[in-house]
Each structure stands twice: as C-alpha cells, then as structure tokens.
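Examining the three-dimensional arrangement
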Amino acid sequence: MPTSSIYPTRRTNLWKNLFSPINYTPSKTAGYDAVIVINENLINEASAALYYSNFLTINGEMDFGKGKYALPANILEKVPTTLNSFLNVRYRCKLLQEPIVDFKANNTVSLHARLRLYIWMMDGLEVKFDADLKVTAPLNYAIKRNKNVEISFKDCTVDQLKITLKGSDKDIANIDVAKLFSGAITSYLKNESKPLSIKLPVFDTQLPYLEDTANNKFKVDVAGIKAISNKEIAIAFNFLGHTGGNIGQLQPFAPNSNIAVAVSQKAMTDTFDFLWNRYPKNYGFSKTFNIDAVTKFADIAFDIQSLITTFAAKLATFGFVEADYTLDKLDFVCTVTGRMKEKPSFSFMTGNRIKVENIAPGMIINLKAIVYYTRRIYVDTSGWIPDKCTPWKDDVKISEKRGQNELFNVIINLSRASLKSCTAELVLGEERNAIEIAIKEFVLAHIFKTGCPVLQLGDKVATAIANYIGKKIIVPNLPKFTVTPCLEPIEITGLCDAPLVDAKKLTITSKEAIVGVNVEFPKIKTIMEPMPKYVGNKNTMEVHRIGCDCIMDTYETHQRGFYSLQKALNLKYDGCKKCLPAYHKR
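Below: a short report on this structure. Model, not experiment: these values are computed from the prediction.

1. Focus: the sheet that holds strand 25 (residues 534–537)
Within a beta sheet, neighbouring strands are joined by backbone hydrogen bonds and run either parallel or antiparallel to one another. With mixed pairing, four strands are arranged side by side in an open sheet as 27-25-26-28. Only two strands of the sheet have a single neighbouring strand rather than two, namely strand 27 (559–562) and strand 28 (574–575).

2. Points about a nonpolar patch on the surface
Residues Leu 83, Phe 86, Met 122 and Leu 125 make up a contiguous nonpolar surface patch of about 340 Å² in total accessible area. With respect to the element layout, Met 122 can be found in the loop between strand 5 (108–121) and strand 6 (125–142).

3. Overview of unusual backbone geometry
For Tyr 209, which is not glycine, the phi dihedral falls at a positive 75°. Unlike most non-glycine residues, Asn 358 shows phi in positive territory, near 65°. When you line up the elements, Asn 358 lands in the loop between strand 16 (353–357) and strand 17 (363–380).

4. Structural notes on the packing of aromatic side chains
Across all of its chains, the model carries 16 aromatic pairs by this definition. A network of ring pairs unites the aromatic residues Phe 203, Phe 218, Phe 237, Phe 239 and Phe 274 as a single cluster. Directly above the ring of Tyr 118 sits Arg 92, whose terminal nitrogen or CZ lies 5.7 Å from the centroid. The residue whose ring lies beneath Lys 281 is Trp 276, and the NZ or CZ to ring-centre distance is 4.8 Å.

5. Section: empty space enclosed by the protein
Unfilled space is identified by rolling a water-sized probe across the atoms. The full count for this structure, using the stated rule, is two cavities of 30 Å³ or more. Considering only enclosed or pocket space, the second largest cavity measures out at about 30 Å³ in volume. For the second largest cavity, the full set of lining residues is Phe 55, Leu 56, Leu 111, Leu 133, Val 135, Phe 153 and Leu 189. Its residues assigned to classes, the lining of the second largest cavity shows seven nonpolar, no polar and no charged.

6. Side note on the pairing of strand 26 (residues 542–545)
Bridge count between strand 25 and strand 26: four bridges; the pairing is antiparallel. By the bridge assignment, Val 535 is partnered in strand 26 with His 544. Between strand 25 and strand 26, which pair antiparallel in sequence order, lie four residues; one of them, Met 541, sits at a positive phi of approximately 55°. With two bridges joining them, strand 26 and strand 28 adopt parallel strand pairing. For Glu 542, the partnering residue across the bridge sits in strand 28 and is Asp 574.

7. A look at the pattern of salt bridges
Under the defined criterion, the tally for this structure stands at twelve salt bridges. The salt bridge partner of Asp 273 is Lys 343, with a shortest N-O separation of 2.9 Å. Residue Asp 273 is located in helix 5 (residues 265–276), and its partner Lys 343 is located in the loop between strand 14 (321–339) and strand 15 (345–349); the two are separated by 70 residues in the primary sequence. Classification of Asp 273 by relative accessible area gives partly exposed; the value is 26%. Among the ionic pairs, Lys 355 bridges to Glu 357, the shortest N-O distance being 3.7 Å.

8. Describing the side chain of Ser 27
In this fold, Ser 27 is placed in the segment before strand 1 (34–39). Among the residues examined, Ser 27 registers a relative accessible area of 12% and is labelled buried. Not counting residues within four places of it along the chain, the set of residues in contact with Ser 27 comprises Gln 251, Lys 511 and Glu 512.

9. A few points about the environment of Gln 265
Looking at the element boundaries, Gln 265 is found in helix 5. Of the residues examined, Gln 265 reaches a relative accessible area of 26% and is grouped as partly exposed. For the pair Gln 265 and Thr 484, spaced 219 residues apart in sequence, the C-alpha to C-alpha distance is 9.9 Å. Here Gln 265 is in contact with Phe 348, Ser 510, Lys 511 and Glu 512, once residues within four sequence places are set aside.

Rules used in this analysis
- Residues numbered from 1 in each chain as written.
- Predicted model: local features only at pLDDT ≥ 70, side-chain atom pairs only at ≥ 80, totals over all residues.
- Heavy atoms only, no water.
- Pairing = 2+ DSSP bridges.
- Helix = DSSP H or I, 4+ residues; strand = E, 2+ residues; numbered from the N terminus.
- Patch = residues over 30% accessible without salt bridge, like charges linked within 9 Å, V, L, I, M, F, W, Y side chains within 5 Å.
- Areas by Shrake-Rupley, 256 points an atom, 1.4 Å probe, with all protein chains shown as cover.
- Salt bridge = Lys/Arg side-chain N within 4 Å of Asp/Glu carboxyl O.
- Phe/Tyr/Trp six-rings, centres within 6.5 Å; stacked < 30°, edge-to-face > 60°.
- Lys NZ or Arg CZ within 6 Å of the ring centre and 35° of its normal.
- 1 Å grid on protein atoms, 1.4 Å probe; cavity = no way out; pocket = protein on both sides within 12 Å on 5 of 7 lines; lining within 4 Å.
- Points joined across faces, edges and corners; volume = space filled by probe spheres on them.
- Nonpolar A, V, L, I, M, F, W, Y, C, P; charged D, E, K, R; others polar.
- Buried < 20%, exposed > 50% of the residue type's maximum accessible area, 1.4 Å probe, protein only.
- Contact = heavy atoms within 4.5 Å.

Nothing here speaks to function; it is all geometry.
So, in structure tokens, the structure goes:
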C-alpha cells in the first residue's frame, strides 16, 4: 500500500462531495452490486462537441443531364448544348446547431437537427434553405465487447425533412429539392457517417495497487441494460460472480447529473475483501511540529523555558565564568510506521459515518524531541563578590553559540486499547474514480505510560501531543481503503481531448453509496467571457464581425475567434467585403 497520498491531485477541488443521509426505498441498485445511469444529457453534450467537428456536413453535386437525377428526355432535348453546364447543381448541407437526442422505446433514439442547405446552380446562382431533420436510429450496446454505447446511423430512418426557403416559414413547393437533399442525407448517414460512440465509465477489472496478473483480475459482469425512462438508460453490474438483481426495479436517480452511479454496501465490502488478500499492508510517514518560546501549543500555555534546566548549568570556573541558556524552539519529530496485522472492520452509520476497528494493532509511533537553544558565556569581573553587592554591570559576554540537544526519543507500539475511537467517511478518489474509505477521526487513548519522558511536559501537554499526532499526522496520511472498482474514463469517438469528470454529489444511505457526476468536454468552452467580436475563417483567410451572415456559411472547424481586429489583420486575414469593407483588400 502506498505510504502517502493515494491519489495525486489532478485538478484543484475536482471532487466537491456533499453528504446527506437520505433513505430511499427501494434501493437504487435493485439487488445488483452496482448500477450506472446514463442521462441523455451526456449524449447531447457529446453531440455538441461533435458539432464542432463537422458532423453531418455534406458536399456533393447532382447532374440533371444524366444519371438517376436526369430530367425527362423530352425536356433535355430542348436544352441547348451551350447550356448543359447549367444542368450541373452543387449542394452543401451543414448543421446550424448541435443535434438533440431523445431516448425512445425498443432501444432506439430520436435525433433532431437544424440544417442549412445550399444549392449552387446556373453556373453560380446560390440559393439557401433551412431544414428540420428528424431521424430514428438504433441504440446499440456493446458493453461486453468494447464497453461502448453507440448510435448507429447505418440502419436509421429519416422520419422528417422539412425544408423552407431561408427567411420563409413556408415549405418549399419544389419537390425535387426535398428529394435531392433527402437522398443525399440518407446516403451520408448510411454510407459515410460514423456512429456516435461513447465509451462508458464502466468498472475496470484491474484494481488499484495490484499487479496486472490473472489472479488479481476483479470479475465484473454486465447483468442487464434497460431504458428506464425517455431520458435515461441503466446498466447493471455484478461483481465476483454474484447473480442477484431485479431489472424491473431499476429506476432513475440523480436527475441533475448526466451520469449517476450506485454501489451497494455489500459490493463495497466484497471489493475491500478482495483487495485485502492481495496488496501489501505496510505504510509509513513522518512529520515535524514544534513549540517556540512564545507560542502556545494546542492552546495550552506552559513554561517551556524550564525544560532546558535539565542540561543548562552554571559552569564551575571559580565563580568567574557563567553560562546562560535561552530556548529558541522545541521540535517534535513524529514517525509512524506499521503493518496492518488484522483486517480493519467497517460499520456503516448514518450521515456518511463509518466506525473503523482493528486498525491500530501493528502501528508504531516514534516520537523524538529536540530542543534548540542559544548559549551565552559571560565573565563576571567582580569574581567572588556577589552580584547584589556590585551595583554596576560587571558581566561581560565573551561567547554566544546556538546548539541543540535531544530531550527524549520514545517508541510506542499501539494496540487495540491504544485507540479510543476511529471514524471514517466515503469519498470519491480524484484520480482513479473509485469510492474509498478515508479516515477522518483517529483519537488516541493514554499512549504515554508511567515513566515516559513525554509526561515530564505535564498531563495537559502530553494529551495535546497525543491528539495532535492522531488528528494532524495519522488522519491526513493514513492510506485510504478502496471499496469499489475504478470507473474507466469516458471517451467520445471523434474527439481528441478526453472529457473531464466532475462529481456533484455523494449520498450515503443505509444500503448503498450514490454518486452523481457531470462530464465536461474540453473541445468546447461552454462559457466564454467576454465574447470575441471577430471571427476568422482559416480556410478563406477572411475575418468577419460576429453578426455577419457569412459566418453561417463557414465550417465550425474553420472558425477562429479574435478579440482584436488588428490581431487578425496582422495574421494576414482579409476584411469581409460585406461587414468590414474598409479592410477588404482582395
């Protein structure tokens, strides 16, 4: 087991855990070991990210002079040869905003998208249309094979394609335009588009601290998958061959999170038992704390100066030489080492409190005290004459040196009786995405026995030192106990940057732990302040004002935001002819 912090901090305050004891009936795990609920908001967040990756962007052309779109022969024969180029039509389709996904019955989803359609005909004439597209596609679960949930468009059905001329609310009358784009969109979805694939945060079979061997693999089975509402799907898991669970009792929970995880208390106990039999149980850590000459320790004031009288004495030099000692500080070096001799036992209580027993045996505390002092040597010029008989100042300082001396070095072997109480709470580990038991209170009993030099400091100070060791040294450094498998990171096909996971809430009940998390995609900054006032097109090297209509005609992957127009001009962008004519040079 590691000797210090189990998980390094990857992001400051990445997990903000809020705890509240709430009784739910029936349990969210419904008899399974764990359940993950996926809210449709997660898929919509993913579709928003893909929107900026040119998803559903189609370019093509159609020849009305030949092929399947050819005009009737009696019309073509009337077209002069010199006008044949006018029969070639180019078209483009692009998203106006991210698609919206809704879960439907029978493991299908409905995708609704707003599109901008372009047609270029008659050797340059441009016509723009707006369109509403609704598609039904199957939702495929490949949890056992590659841990993915996919929306596959190869078997989709186009339910609606409503096309209007840009700026008009009425459907267009020309059926051939609808036929053109319907065919192009259907062909793209079935033949060119890739599935919207999300690698879910399923449980990893490799537990922390263990070597990657066959004997250390933690058995995780997908026990069931169900759409539990029109907004959520649930995936049930069992660990270590457990076969329980009732899929009919699965229900939504943590509705304000796009992923929710529930783990039963039994599953947490079984996971810890599996780990306990396999990982090393040694630990060790050290810390120094001190008392200086003027500062109280643990709000207890005492005359620390009297400590140095044990080794500071006047030198016997015929009365002519005197030594004076002044305390600078008193350091305590506390080193805690040990090997857990017995498996700790955990008793879950309300309010996210866990009583921990059998954790003290095998723990060794080494406490060393070092006093730092200043030693000054004086010559008494009055010799044997008492100072009270010499009203003048007759002591002359001839030396001043700093030194240190070890006051004591004690070793304390803890037993069950050494620990008054120990409580813990469940937390969500920042780096490994696993639920852990973290010690929060470690109250030592009377660990300094009769004759221990620590007691020379006084009972109150000795008690304060014992409390400090438990609260400030053992609690923050004692390794955490992992009680669930790690959640694997989410991956979205088509996105280079890994999503970030933020925990919203960890709720503890008498039966289970429930975690609600939200997923953020670095690909898109959800909030930007202030808004850039200029948008550049990397493809055409033109810069536009933020409200220019030409921006709608550019691909999102080609757009760059500029806060300064001069910055864009310095990078050789040309001003838009429409919105920045004064800076248009080409």
